[in-house]
Amino acid sequence: MTLRCLSLNGLMHGNGFPTESLVRGLAHDPAFVGVDAGSTDGGPHFLGSGENMHSSRRAVKGVYRVLLTHCLAADVPLLVGSAATAGADTHVEWTVDLVAELAREEGLDFDLGVVWSEQSTDAVRDAIDAGRVTPLDESPELDAATVESSERVVAMAGPEVFVEALDRGADVVVAGRCSDVAIYKAVPLREGYHEGLATHLAKTIECGALIAEPRGGDCILGTLTDESFTVTPTNPEKRTDPLTVASHLLYETADPTRFVEPRGVLDTSAASYDAVDDRTVRVSGSRFTRAENYTVKLEGARWVGHRGVAAAGIRDPTAIRQLDDLLATARTKTERKAERLDVDAFSLDVRVYGRDGVMGEREPTPDPGHEVGLFVEAVGPDAETVDDLLEEFTYTLFVSDFPGRQTTAGNAAFPTSPAHAPVSPAYEFSIWHRLEVDDPLDPFRVEVRPVEGSG
Amino acid sequence: MRLGDLADVVRSKNAGVHYVTVDVLFHDYATFEAVRDAEVLSAATVADRYGLPVEDVRFFVYEPGLAFKATFPREHVAGGPGDPDLYGAQQHAPLLAVEVPVDTADP
């Protein structure tokens, strides 16, 4: 048995991938083309706001146009995971609309699989009551109030949702939140391949040509047999070797040999990586241990207020020496103003670049240079309040007296006018938990609908 | 020599929203082996450089990738108010200065 699959690139966005790499990959007659369109890497904003991180609609549509036309012409199923960044219902709808619009413009007829991953407040609350929700990593226990305060909650699907959509005839699948591995593991699982090898292959190609050099968004062809798998970039200018392939398992993961997935744990500690030629690597020895209980990750984001920011530079050496006192004075004055305005909940964070702005308390060498940059971030209940608080902070910073002060005309340099500005609603990750399910499809809704673009 | 002068890649990134992970990669086995055998890179070293309790640091020697890896809790949940490093991409720098008792990058 041999199964070939094509990974487009690490992240579907408006920058796309070289079309020639897709064409070359399709010439190998892959069983499917996969692409991951989502990430939590950009932070909680996209799940919270429902926005798409990846460029403009115009740019993303251009990428989908190339993808859809080529995959449908070659009669190769296209699997898209974690649509439009966060994979919530609004992201899936956005992508489905875009795909339908393209079908009309290009006259394409096909069956579209749609996977919905968003969870209702009631469903999550019931799962908590049933003892099926446990904290992931350092998260606290989940309570109903946190669920109710979250803007959106998604569950991260395993490969079964794609299998279901394909079984029901889908040519193209747009999935809400799902594991990156699920996209590439579904077809091998459906065809009965070794789960260790299939999972390891999926893990290896989930970021496309990130396993190849030179690095950059591009396509990877994977070939799976019963004994091993190989990976090859479809762009002839890219190469892989055992080191580039093995070291990808370090990327954005806590542990390079143990990967927890909904169906169980991939163990790569006994895997071996061998060069087939200067562009292809063969991998074998991967193991998979099925978990006793099937679990999916829950992700939620909640609104925490409106965000405003200010930037400032300080060059005066006496002010830099007494900077912490100066900042404390400005903070105290801001807190008093908040009291006068009856604002009881706000946050004010100041980073001192040039000293410890990046590392904070963990900076081993917190020595200021001859100038420092300040970045001030305030989050409060509304834009007007944030504006008031930042005005107080920056004004106090500018005018406060301190021992030995010579800079009596102003303590800081502001690079913008106004010196502070509103940004946008602010969100934080509120849910990062594990949900135990009886059936892998339970938390998800899978539908397959005809798209008749030529009609 | 400084670890930063010996390694080919020293990088950090989020591993989920609660952890940051730091990877130190080498291109040749000899340098990887020399650093490993010098035993100056460990959970304890990482804990010391970041001011963390040693039990908070998970440390891995990953031979297939000629790499070392350390994973530890973030100060803030990624991307929330107060988090200065959304992607966790600049948390590696304190390891660059770790002194490794080898003479050259090509032992």
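Residues numbered from 1 in each chain as written. Chains lettered and ligands numbered in written order. Predicted model: local features only at pLDDT ≥ 70, side-chain atom pairs only at ≥ 80, totals over all residues. Heavy atoms only, no water.

**Student:** Tell me about the overall build of chain A, residues and numbers included.
**Tutor:** Each helix and strand in chain A was counted, giving 13 helices and 19 strands. For chain A, the C-alpha atoms occupy an extent of roughly 80 × 50 × 50 Å along the three principal directions. Per-residue burial over chain A gives 55% buried out of 455 residues. Taking the contacts inside chain A whose residues are at least 6 apart along the sequence as the reference set, 79% of them involve residues at least 24 apart. As displayed, chain A has an accessible area near 18,400 Å², and 45% of this comes from carbon and sulfur atoms. The distance from the centre of the 41 positive side-chain charges to the centre of the 75 negative ones in chain A is 3 Å. (Helix = DSSP H or I, 4+ residues; strand = E, 2+ residues; numbered from the N terminus. Buried < 20%, exposed > 50% of the residue type's maximum accessible area, 1.4 Å probe, protein only. Contact = heavy atoms within 4.5 Å. Areas by Shrake-Rupley, 256 points an atom, 1.4 Å probe, with all protein chains shown as cover. Lys, Arg positive; Asp, Glu negative; His and termini not counted. Charge placed at Lys NZ, Arg CZ, Asp CG, Glu CD.)

**Student:** Let's hear about the sheet that holds strand S3 (residues 78–85) of chain A: which residues, and what values?
**Tutor:** Residues and elements named next belong to chain A. Pairing is mixed across the open sheet formed by 10 strands, whose spatial order is S12-S13-S9-S8-S1-S2-S3-S7-S4-S19. This sheet does not close on itself; its edge strands, each paired only once, are strand S12 (272–275) and strand S19 (445–452). Put simply, the sheet's adjacent strands are angled 20° from each other on average, direction ignored. Looking at chain direction, strand S4 (residues 109–116) and S19 are connected through eight bridges and run antiparallel. Residue pairing across strands places Leu112 opposite Arg449, the latter belonging to S19. (Pairing = 2+ DSSP bridges. Axes fitted to C-alpha atoms, helices over the stretch in contact; angles between N-to-C directions.)

**Student:** Can you lay out the nonpolar core for me, pointing to particular residues and giving the numbers?
**Tutor:** Residues and elements named next belong to chain A. One finds Leu79, Phe162, Val231, Tyr273 and Leu298 to be the most contacted residues of the largest nonpolar core, which totals 63 residues. In terms of residue count, helix H8 (residues 180–190) provides more of this core than any other element does, six residues in total. Listed in part, the 35 residues of the second largest apolar core include Leu8, Met12, Ala37 and Trp116. (Core = buried A, V, L, I, M, F, W, Y, C linked by side-chain atoms within 4.5 Å.)

**Student:** Could you give an account of the UniProt feature "domain: Acyclic terpene utilisation N-terminal" (unreviewed entry) in chain A, with specific residues and numbers?
**Tutor:** What UniProt calls "domain: Acyclic terpene utilisation N-terminal" (unreviewed entry) maps, in this numbering, to residues 92–407 of chain A. For residues 92–407 of chain A, the end-to-end C-alpha separation is 56 Å, with 34% helix and 28% strand making up the annotated structure. (UniProt positions renumbered as here; feature names shortened; annotations may be inferred.)

**Student:** Now, about the pattern of salt bridges: what can you tell me, with residues and values included?
**Tutor:** Pairing of side chains with opposite charge becomes possible as their charged atoms draw close. Inspection of every chain in the model, using the stated rule, returns 37 salt bridges over all chains. Notably, a salt bridge pairs Asp41(A) with Lys13(B), separated by 3.2 Å at the nearest N-O pair. Taken together, the positions of Asp41(A) in the loop between strand S2 (32–38) and helix H2 (45–49) and Lys13(B) in strand S1 (residues 9–15) put the pair across two chains. Look at Asp41(A) and you get buried, because its relative accessible area is 13%. Its salt-bridge partner being Arg36(B), residue Asp37(B) comes within 3.3 Å of it at the nearest N-O pair. For Arg36(B), a relative accessible area of 26% translates into the label partly exposed. Here the salt bridges share partners, and the residues they tie into one network are Arg57(A), Lys61(A), Arg65(A), Glu101(A), Glu105(A) and Glu106(A). (Salt bridge = Lys/Arg side-chain N within 4 Å of Asp/Glu carboxyl O.)

**Student:** Please provide a residue-by-residue account of the interface of chain B and chain A, values included.
**Tutor:** A common way to report how large an interface is uses the accessible area buried once the components associate. Chain B puts 43 residues into the contact, and the matching count from chain A is 43 residues. Interface area for chain B against chain A, summed over the two sides, is near 3,400 Å², with a carbon-plus-sulfur share of 59%. Between chain B and chain A we count 13 residue pairs in polar contact (both at pLDDT 80 or more) in total. Those elements giving two or more residues to the side of chain B that touches chain A turn out to be S1, strand S2 (19–25), helix H3 (43–50), strand S3 (58–62) and strand S4 (67–73) of chain B. Ranked by residue count, the leading element in the side of chain B that touches chain A is S4(B), at five residues. Residues that form the side of chain B that touches chain A fall into these classes: 21 nonpolar, 12 polar and 10 charged. (Buried area = accessible area lost by both parts, 1.4 Å probe. Polar contact = N/O pair within 3.5 Å; in protein donor to acceptor, adjacent residues only side chain to side chain. Nonpolar A, V, L, I, M, F, W, Y, C, P; charged D, E, K, R; others polar.)

**Student:** Lay out unusual backbone geometry with the relevant residues and their values.
**Tutor:** Residues and elements named next belong to chain A. The omega torsion of the bond from Glu213 to Pro214 falls at -5°, within 30 degrees of zero and hence cis. For Pro214, the location among the structural elements is in the loop between helix H9 (195–205) and strand S8 (220–224). Residue Pro418 follows Ser417 across a cis peptide bond; omega there is 0°. Within the fold, Pro418 resides in the loop between helix H13 (383–399) and strand S18 (420–437). One non-glycine residue with positive phi stands out, namely Asp29, at about 55°. Along the chain, Asp29 turns up in the loop between helix H1 (19–26) and S2. Even without a glycine there, the phi angle at Glu252 is positive, about 55°. For Glu252, a relative accessible area of 29% corresponds to the partly exposed category.

**Student:** Please provide a residue-by-residue account of the packing of aromatic side chains, values included.
**Tutor:** Residues and elements named next belong to chain B. What the rule picks out here adds up to eight aromatic pairs over all chains. With a centroid separation of 5.8 Å and 50° between ring planes, the pair formed by Tyr29 and Phe32 is classed as tilted. On the criterion of helical spacing, the pair formed by Tyr29 and Phe32 is a turn pair, its members being three residues apart in helix H2 (residues 29–38). Joined through ring pairs, the aromatic side chains of Phe26, Tyr29, Phe32, Phe59 and Phe68 make up one cluster. (Phe/Tyr/Trp six-rings, centres within 6.5 Å; stacked < 30°, edge-to-face > 60°.)

**Student:** Give a description of H3(B) that names residues and reports values.
**Tutor:** The periodicity of an α-helix, 3.6 residues per turn, causes residues three or four places apart in sequence to face the same way. Residues and elements named next belong to chain B. Those residues of H3 that fall on the buried side of the exposure criterion are Ala43, Thr45, Val46, Ala47 and Tyr50. Tucked into the core, H3 has its buried residues touching S2, S3 and S4. Directly beyond the C-terminal end of H3, a positive phi value near 65° is found at Gly51.

**Student:** Any details on the environment of Arg321(A)? Residues and values, ideally.
**Tutor:** All names here are of chain A. One can find Arg321 in helix H11 (residues 317–321). We classify Arg321 as exposed; its relative accessible area is 65%. Once the C-alpha coordinates of Arg321 and Pro233 are considered, the two residues, 88 residues apart in sequence, prove to be 54 Å apart.

**Student:** So, the confidence of the model for chain B: which residues are in play, and what are the values?
**Tutor:** Chain-level pLDDT for chain B is 93 on average; 96% of the residues reach the 70-or-more range. Interface scoring of the predicted complex returns ipTM 0.90; its pTM is 0.93. (pLDDT = per-residue confidence, 0-100.)

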